[in-house]
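# Tertiary structure, described
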Amino acid sequence: DAKTTQPNSMESNEEEPVHLPCNHSTISGTDYIHWYRQLPSQGPEYVIHGLTSNVNNRMASLAIAEDRKSSTLILHRATLRDAAVYYCILRGPKNNNDMRFGAGTRLTVKP
Amino acid sequence: DSGVTQTPKHLITATGQRVTLRCSPRSGDLSVYWYQQSLDQGLQFLIHYYNGEERAKGNILERFSAQQFPDLHSELNLSSLELGDSALYFCASSVGTSGLSYEQYFGPGTRLTVT
């Protein structure tokens, strides 16, 4: 199964952009890239997903490398509320119901 | 608020006991998923039900079982509890079952403490 690699932790200043990287060098052509985040004491929350093209929504943007071996979640202006653990997850035909959460990246936002 | 509800919020019980965790999915969602989050194992997928039928199993112990009822709510039954079963249990729901782009909506979780 394709795996993802994320930095354990990152820091950002409030109101600055944040780029959260994810490597998935063994991704298959049918794997979607999903991002979820987990705020303290809450359940995970969907952020964004994509297949090949870059995606934007009200929460974030997802930039996918041309070879799809890496992706970057972009928070355009970090707020204190964005402090959370961010998970990059691959969902393919074999495991589309089994979301494999790795350790994720713990984002700290400094005021 | 994701629209997914879970009860109870907290549960404290003794080893060897049996407990039932309950989940109500978002209105209109047919799929329910159960996850376990512990400090040493992280978030792990346990089981998935779609419209009353089991669709996928993950790292679910034989002592654990689940079902989804006709009104689409689901229950996770944990029996012969051990100290290591202490964890947060999350339920999630989604509209469909096989769509790779379907996002899952998570409930607030049930914190189980086994003493």
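These remarks concern the structure in this document.

Cut-offs used in this document
Residues numbered from 1 in each chain as written. Chains lettered and ligands numbered in written order. Predicted model: local features only at pLDDT ≥ 70, side-chain atom pairs only at ≥ 80, totals over all residues. Heavy atoms only, no water. Helix = DSSP H or I, 4+ residues; strand = E, 2+ residues; numbered from the N terminus. Rg over C-alpha atoms; globule rule 2.2 N^0.38 Å. Buried < 20%, exposed > 50% of the residue type's maximum accessible area, 1.4 Å probe, protein only. Contact = heavy atoms within 4.5 Å. Areas by Shrake-Rupley, 256 points an atom, 1.4 Å probe, with all protein chains shown as cover. Lys, Arg positive; Asp, Glu negative; His and termini not counted. Charge placed at Lys NZ, Arg CZ, Asp CG, Glu CD. Phe/Tyr/Trp six-rings, centres within 6.5 Å; stacked < 30°, edge-to-face > 60°. Lys NZ or Arg CZ within 6 Å of the ring centre and 35° of its normal. Buried area = accessible area lost by both parts, 1.4 Å probe. Salt bridge = Lys/Arg side-chain N within 4 Å of Asp/Glu carboxyl O. Pairing = 2+ DSSP bridges.

## Overview of the overall build of chain A
- On a plain count of helices and strands, chain A comes out with zero helices and nine strands.
- When the helices and strands of chain A are placed in sequence order, the string is β-β-β-β-β-β-β-β-β.
- Computed over its C-alpha atoms, the radius of gyration of chain A comes to 13 Å, within 12% of the 13 Å expected for a compact globule of 111 residues.
- A principal-axis box enclosing the C-alpha atoms of chain A has dimensions of 40 × 30 × 25 Å.
- Taking all 111 residues of chain A together, 47% fall into the buried category.
- Sequence separation of at least 24 residues holds for 57% of the intrachain contacts in chain A that already meet a minimum separation of 6.
- Carbon and sulfur atoms make up 46% of the accessible area of chain A, which amounts to about 5,700 Å² in all.
- The distance from the centre of the 12 positive side-chain charges to the centre of the 11 negative ones in chain A is 5 Å.

## Notes on the packing of aromatic side chains
- In total, this model carries nine aromatic pairs over all chains according to the counting rule given.
- Relative to A:Tyr46, the ring of A:Tyr36 lies with its centre 5.7 Å away and its plane at 75°, an arrangement referred to as edge-to-face. Of this pair, A:Tyr36 sits in strand E3 (residues 32–38) while A:Tyr46 is found in strand E4 (residues 45–50), placing the two residues ten residues apart along the sequence. Each member of the pair A:Tyr36 and A:Tyr46 is classed as buried.
- With a centroid separation of 5.8 Å and an interplanar angle of 65°, the aromatic rings of B:Tyr35 and B:Phe45 are classed as edge-to-face. With a gap of ten residues between them, B:Tyr35 in strand E4 (residues 31–38) and B:Phe45 in strand E5 (residues 42–50) connect regions that are remote in the sequence.
- A residue is classified by how much of its surface remains accessible, and B:Phe45, at 3% relative accessible area, is buried.
- Site record: aromatic cluster; members linked through ring pairs are A:Tyr36, A:Tyr46, A:Tyr87, A:Phe101, B:Tyr35, B:Phe45 and B:Phe106.
- Over the face of the ring belonging to B:Tyr105 we find B:Arg26, whose NZ or CZ atom lies 3.7 Å from the ring centre.

## Some points on the interface of chain A and chain B
- If you look at the interface, chain A gives 19 residues, while chain B gives 18 residues.
- In this assembly, chain A packs against chain B so that about 1,500 Å² is buried in total across both faces, 56% of it on carbon and sulfur atoms.
- Where chain A meets chain B, there are zero salt bridges.
- Counting residues per element, the ones that place at least two in the side of chain A that touches chain B are E3, E4 and strand E8 (84–91) of chain A.
- It is E3(A) that contributes the most residues to the side of chain A that touches chain B, four residues altogether.

## Focus: the sheet that holds strand E5 (residues 55–56) of chain A
Residue and element names in this part refer to chain A.
- One open sheet accounts for four strands, arranged E2-E7-E6-E5; its pairing is antiparallel. The two strands at the open ends of the sheet, each matched to only one other strand, are strand E2 (18–23) and E5.
- The pairing of E5 with strand E6 (residues 61–64) spans two bridges and is antiparallel. If you follow Asn 56 over to E6, its bridge partner there is Ser 61.

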